[in-house]
Amino acid sequence: MKPIAVTQGDPAGIGPEIIAKAFRDELEITRGCFVVGDLATMRQASQSLAATGRPPVPVALIEFVEHAGNVPPHCVPVLQAIASPQGVVPGQVSAAAGRAAGDAVVWAARAALRGDVAAIVTAPLHKESLHAAGFAFPGHTELLQAEAAAHLNRPLGDVPVRMMLANDELRTVLVSIHMSLRDAIEAVHFDGVLQTLRITHAALKAALGKAPRIAVAGLNPHAGEGGLFGSEEREIIAPAIGAACAEGIDAHGPYAPDTVFMRARTGEFDAVIAMYHDQGLIPVKYLGVEQGVNVTLGLPLVRTSPDHGTAFDIAGKGVADPASLLAAIRMARALAQP
């Protein structure tokens, strides 16, 4: 299998630290991985771990992707794919940090689209820093969608993507991603729900080796209670489910949002379609951020990431937990297997 590219994330956040810890502590999981980022940033992260009583993690510069497997065990291979950011302060928003994080993702995405790497795992970036650097995207998902559309020479709308959050107990896929709650409600429409069901079905069928059983959450309390608390379920969501079933997709609902995630957790469903960002992410994160993985569905590449942000409040303190990053690497490797 080709190497897996791990983007360093925002250099002012915990991304470089959790990457260094992952290579230090989990040789088998990180075997065949390399970091897309800045050598000096990764060396600084390695040195910061020495303050916790552990020796610094060796960091080595590699010139080509193919050299990722040539470094000694527990050494972090770094491909200097970006300009070194200047003036970055741990825990602070800056355009320099946003530029470094965004450029690393762009490089990794293009490498994956060319087939040079098997998958990409993205450490957290800070959306405010990304915006300050001039990137016109609210996050990883939208940036990767734009790169994929450009590579395929298609309009952005012809490369629909969805965010899936998953752990060992629950998978949830979002109809809308990064937008205000008011806009997210307006984004619940027949085509969007049906498209989400199609993308989820195709992705999980490939991953699971069988047709997934998919539950669909309602938008309103009690899934609208027959129209008493809103008409979206009756007028939009249920017809989309019916259309999906007519295509052979094993879809069910709409179900009350306050109970459907528990039903999926007990094994009744393989995934839940959530109508908006927090409806889907809160249940997964409540079960444990340390094991959650973000997977982008619909891309012509494999991309996963940890289920947490840059954690500016603990950046540079050496206390960040790499568990979710390790889970993301495991997931990426599994999805990229031929």
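Residues numbered from 1 in each chain as written. Predicted model: local features only at pLDDT ≥ 70, side-chain atom pairs only at ≥ 80, totals over all residues. Heavy atoms only, no water.

As recorded in an unreviewed UniProt entry, the protein chain goes by the name 4-hydroxythreonine-4-phosphate dehydrogenase PdxA, listed as coming from Variovorax humicola.

> Outline the overall build of the protein chain, supporting the account with residue identities and numerical values.
Counting its secondary structure elements, the protein chain contains twelve helices and twelve strands. Taking 2.2 N^0.38 as the reference for a compact globule, 338 residues should give roughly 20 Å; the C-alpha atoms of the protein chain span a radius of gyration of 20 Å, in line with that estimate. Once the C-alpha set of the protein chain is aligned to its principal axes, its extents read approximately 60 × 40 × 40 Å. By the burial criterion, 53% of the 338 residues in the protein chain qualify as buried. The long-range share in the protein chain, meaning contacts at least 24 apart out of those at least 6 apart in sequence, stands at 70%. Total accessible area computed for the protein chain in this model is approximately 14300 Å², and 53% of it derives from carbon and sulfur atoms. Counting 26 positive and 33 negative side-chain charges, the protein chain places the averaged centre of each group 5 Å from the other. (Helix = DSSP H or I, 4+ residues; strand = E, 2+ residues; numbered from the N terminus. Rg over C-alpha atoms; globule rule 2.2 N^0.38 Å. Buried < 20%, exposed > 50% of the residue type's maximum accessible area, 1.4 Å probe, protein only. Contact = heavy atoms within 4.5 Å. Areas by Shrake-Rupley, 256 points an atom, 1.4 Å probe, with all protein chains shown as cover. Lys, Arg positive; Asp, Glu negative; His and termini not counted. Charge placed at Lys NZ, Arg CZ, Asp CG, Glu CD.)

> Give me the packing of helix 1 (residues 15–25) against helix 3 (residues 39–49): which residues, what numbers.
At a closest axis distance of 9 Å, the pairing of helix 1 and helix 3 adopts a crossing angle of 70 degrees. By the angle class used here, helix 1 and helix 3 are roughly perpendicular. The hand of the helix 1/helix 3 crossing is right-handed. In this structure, helix 1 contributes P16, E17, I19, A20, K21 and R24 to the contact, and helix 3 contributes T41, M42, A45 and L49. Grouping the amino acids of the contact of helix 1 with helix 3 by side-chain chemistry returns six nonpolar, one polar and three charged. (Axes fitted to C-alpha atoms, helices over the stretch in contact; angles between N-to-C directions. Parallel < 35°, antiparallel > 145°, perpendicular 65-115°, else oblique. Left-handed = near helix turned anticlockwise from the far one by under 90°. Nonpolar A, V, L, I, M, F, W, Y, C, P; charged D, E, K, R; others polar.)

> Which residues make up the pairing of strand 9 (residues 250–255), and what are the values?
Residues in a regular strand point their side chains to alternate faces of the sheet. Direction of pairing for strand 8 (residues 213–217) relative to strand 9: parallel, over a ladder of four bridges. The residue bridging A217 from the neighbouring strand is Y255, located in strand 9. Regarding the hand of the β-α-β motif, the stretch spanning strand 8, helix 9 (residues 232–246) and strand 9 is right-handed. (Pairing = 2+ DSSP bridges. Right-handed = clockwise from strand over helix to strand, strands pointing away.)

> Tell me about the pairing of strand 12 (residues 303–306), residues and numbers included.
Where strand 5 (residues 119–122) lies against strand 12, two bridges are found, and the strand directions are parallel. For V121, the partnering residue across the bridge sits in strand 12 and is T304. Here strand 11 (residues 293–297) runs beside strand 12; their pairing, made up of three bridges, is antiparallel. Opposite V295, over in strand 12, you have T304 as the bridge partner.

> Now, about the pattern of salt bridges: what can you tell me, with residues and values included?
Enumeration according to the criterion identifies eleven salt bridges in this entry. A salt bridge links R110 to E147, with the shortest nitrogen-to-oxygen separation between them at 2.8 Å. You can see R110 sitting in helix 4 (residues 95–114) and its partner E147 sitting in helix 6 (residues 140–152), a full 37 residues away along the chain. (Salt bridge = Lys/Arg side-chain N within 4 Å of Asp/Glu carboxyl O.)

> Tell me about unusual backbone geometry, and please be specific about residues and values.
For the bond from G253 to P254, the omega torsion is 0 degrees, close enough to zero to count as cis. Its identity as a non-glycine residue notwithstanding, N153 has a phi of 60 degrees, on the positive side. Looking at the secondary structure, you find N153 in the loop between helix 6 and strand 6 (162–166). If you check the backbone angles, A311 has positive phi at about 50 degrees while not being a glycine. Residue position: A311 is located in the loop between strand 12 and helix 12 (323–336).

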